[in-house]
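Below are the chains, spelled out letter by letter.
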Amino acid sequence: MSLLTLLPFIVLIGAMFLMTRSAKKKQQQAIDMRNQMQPGSGVRTIGGMYATVKEVSEDTVLLDAGPGVELLFAKNSIGAVLTDEEYNHIVHGIEHDLKSDADVVPDDASSLTETDDSAASDDAPVDFGKKDAADVPADTADAESADAGTDATDATDKAKTDEQAKKSDGGSEAK
């Protein structure tokens, strides 16, 4: 046989060797990572649950998932051992980055917009009502709505008084 006919087989065997070698490396790194777990370190399981390591035995890990919640997992189910900063950022939302202390962007955009003192006056009240300014002047509309509200209140009070009088008479209509 010639070398040219064996070349595809040699390339195929070489590719398989390299793939198995890299898989073994990843597997060894995962084993080393799981062996470095200590009580108190934060972990993520392969299912996506974040917890704190409470105890480590040969094949199992006891995890503290919350107040009063302890779970027993196989060591192989630990997907990643997290640093304290990563764990606090993901679980508690605590960000501790010394590099970003210099320029902090505020949560709201109030400091990003400039107000013009001549355009916005603090003395004038803001009216959010749905009044049609072309139909009724503002002063007249306010007075009319106040009068209508007073008339409605007076009518309601009179009806209540009449009803109470009928009840206290013991049904005067029947007499």
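Refer to the structure presented above.
On a predicted model such as this, the values are computed, not experimentally measured, just so you know.

Before going further, it helps to examine the overall build of the protein. Looking only at helices and strands, one finds three helices and five strands in the protein. Looking at the 175 residues of the protein, the share that counts as buried comes to 11%. In the form shown here, the protein has an accessible surface area of approximately 14,700 Å², with 56% of it arising from carbon and sulfur atoms.

We now examine the nonpolar core. Core analysis: the largest hydrophobic core is formed by seven residues, namely Met-37, Val-43, Ala-51, Val-53, Val-61, Leu-63 and Ile-78. Contributing elements (two or more residues each) for this core: β2 (50-56) and β3 (60-66). Residue contacts for Met-37: discarding those within four places in its chain leaves Val-43, Val-53, Val-56, Val-61, Lys-75, Ile-78 and Val-81.

The five strands are arranged β4-β3-β2-β1-β5 in an open sheet whose pairing can be described as antiparallel. The open sheet has two edge strands, β4 (69-74) and β5 (78-82), and neither has a second partner. With direction set aside, neighbouring strand axes in the sheet form an average angle of 40°. Direction of pairing for strand β1 (residues 42-45) relative to β2: antiparallel, over a ladder of three bridges. Bridged to Gly-42 within β2 is Thr-52. Seen against the sheet, helix α2 (residues 84-92) touches β1, β2 and β5 and runs at an angle of roughly 135° to β2.

By the element assignment, Ser-41 lies in the loop between α1 (3-35) and β1. Overall, the relative accessible area of 14% leaves Ser-41 in the buried class. Engagement of the side chain of Ser-41 in a polar contact is seen with the backbone oxygen of Gln-38, the distance being 2.8 Å. In this structure, Ser-41 is in contact with Ala-51, Thr-52, Val-53 and Val-81, ignoring residues within four places of it in sequence.

Within the fold, Ser-77 resides in the loop between β4 and β5. Relative accessible area serves as the criterion here: at 13%, Ser-77 is assigned to the buried category. Sequence-distant contacts of Ser-77, defined by excluding residues within four places in its chain, comprise Thr-45 and Ile-46.

The next thing to look at is a nonpolar patch on the surface. Together, Leu-3, Leu-6, Phe-9 and Ile-10 line one region of the surface with nonpolar side chains, adding up to about 430 Å² of accessible area. Tracing the backbone through its elements, the reader meets Leu-3 in helix α1.

One pass over the structure, following the stated rule, counts one salt bridge. A salt bridge links Glu-70 to Lys-54; its shortest N-O distance comes to 2.1 Å. Remark: Lys-54 occurs in strand β2 and Glu-70 occurs in strand β4; sequence separation between them is 16 residues.

Definitions and cut-offs
- Residues numbered from 1 in each chain as written.
- Predicted model: local features only at pLDDT ≥ 70, side-chain atom pairs only at ≥ 80, totals over all residues.
- Heavy atoms only, no water.
- Helix = DSSP H or I, 4+ residues; strand = E, 2+ residues; numbered from the N terminus.
- Buried < 20%, exposed > 50% of the residue type's maximum accessible area, 1.4 Å probe, protein only.
- Areas by Shrake-Rupley, 256 points an atom, 1.4 Å probe, with all protein chains shown as cover.
- Core = buried A, V, L, I, M, F, W, Y, C linked by side-chain atoms within 4.5 Å.
- Contact = heavy atoms within 4.5 Å.
- Pairing = 2+ DSSP bridges.
- Axes fitted to C-alpha atoms, helices over the stretch in contact; angles between N-to-C directions.
- Polar contact = N/O pair within 3.5 Å; in protein donor to acceptor, adjacent residues only side chain to side chain.
- Patch = residues over 30% accessible without salt bridge, like charges linked within 9 Å, V, L, I, M, F, W, Y side chains within 5 Å.
- Salt bridge = Lys/Arg side-chain N within 4 Å of Asp/Glu carboxyl O.

Interpretation note: all reported values are geometric properties and have no functional meaning in isolation.
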